[in-house]
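Chain by chain, the residues run as shown.
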Amino acid sequence: MRRIDLTGADGIRLAAWEFADPPKGPEDDGTAPGVLLLHGLMGRAGHWATTARWLAERYRAVALDQRGHGHSDKPAEGPFTREAYVADAAAAIEQLDLAPVTLIGHSMGALTAWQLAAERPDLVRALVISDMRASALGAASQREWENWFRTWPVPFATLADVRKWFGEDDPRVERPNPARGAFFAEVMAESPDGWRPVFSPDQMLAARETWVHDAHWDSLAQVACPTLVVRGLDGELGRAEAQEMVRVLPHGRYAEVPDAGHYLHYDQPESWRTALQPFLEENS
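Calculation notes
Residues numbered from 1 in each chain as written. Predicted model: local features only at pLDDT ≥ 70, side-chain atom pairs only at ≥ 80, totals over all residues. Heavy atoms only, no water. Pairing = 2+ DSSP bridges. Helix = DSSP H or I, 4+ residues; strand = E, 2+ residues; numbered from the N terminus. Axes fitted to C-alpha atoms, helices over the stretch in contact; angles between N-to-C directions. Contact = heavy atoms within 4.5 Å. Buried < 20%, exposed > 50% of the residue type's maximum accessible area, 1.4 Å probe, protein only. Right-handed = clockwise from strand over helix to strand, strands pointing away.

### Considering the sheet that holds strand S4 (residues 60-65)
Item 1. Spatially, the eight strands line up as an open sheet ordered S1-S2-S4-S3-S5-S6-S9-S10, and their pairing is mixed. Edge positions in the open sheet fall to strand S1 (2-7) and strand S10 (252-257), since each of these has one partner strand only. Each adjacent strand pair in this sheet contributes to an overall mean axis angle of 25 degrees, direction not counted.
Item 2. Across six bridges, S1 lies against strand S2 (residues 13-18) in antiparallel orientation. What sits directly across from Leu6, in S2, is Leu14.
Item 3. Each of S1, S2, strand S3 (34-38), S4 and strand S5 (101-106) is contacted by helix H2 (residues 82-96), which is oriented at about 115 degrees to S1, the strand it contacts most.

### Regarding the pairing of S3
Across a regular strand the side chains alternate sides, sitting on one face of the sheet and then on the other.
Item 1. Of all five residues that make up S3, five are buried, and the element is covered over most of its length.
Item 2. Two elements, S3 and S4, share five bridges in a ladder whose sense is parallel. Bridge assignment links Gly34 to a residue of S4, and that residue is Arg60.
Item 3. Note on the crossover from S3 through helix H1 (residues 49-55) to S4: the handedness is right-handed.
Item 4. Of the pairings in the sheet, the one linking S3 to S5 comprises five bridges and is parallel in character. Across the sheet, residue Leu38 finds its bridge partner in S5, namely Gly105.

Okay, structure coming up:
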């Protein structure tokens, strides 16, 4: 894995991670189809490590730390708009020479991916949407998130405490989920008084504020490339909405990952691979 520093749309520094040397293409010319992985809100590029390793057997797999996340810049004044996230992803594709790329996005990263595919079809070969809704979530959802951040017992004394709280004690957890605890342990950094998130909760709320009140069906309908909509059976995207998204997409397909929640690539990595691999092979 190597880090590549990129420049975002408004000059901020973005960190991208290539997980292996690019494999040879079918003509043995040193090229391979590009894949860009976009994490969700509060995530980081490292959350894609398991996925990126098997992708790297055939593709040039790169994961991006989006603005406000991971090792990328976290500008105090933002912006954390939809336009900024989409422009950053486009800049990454162009600077890495990945086009036409396959975009794989989780949650907020999936929304960024399909908005980019709608706006810049020249950059995108195929698209995977992982557990992201096209309907508006509304003001009540944003208030729930604001209240949820206040429940976090920060700082955490140890990473074990992080894993336990997010996997078992978090009021949003319906049943114990070790994968969820591990997911959040990856976005904590040690400070003198304990473990704290590497992101600013206020910035996460600011980013969410820009899309949570709106529906995104119009941009979904403008995605011209082949698109796979994937949901975890216990995730946040319901089956009926996922199937409606597939209907709205000009070239949509549907897949689901059994026994998986919202963090489906983390919950069930092998089933996640099984769901994606035929689509990727057909559309690369």
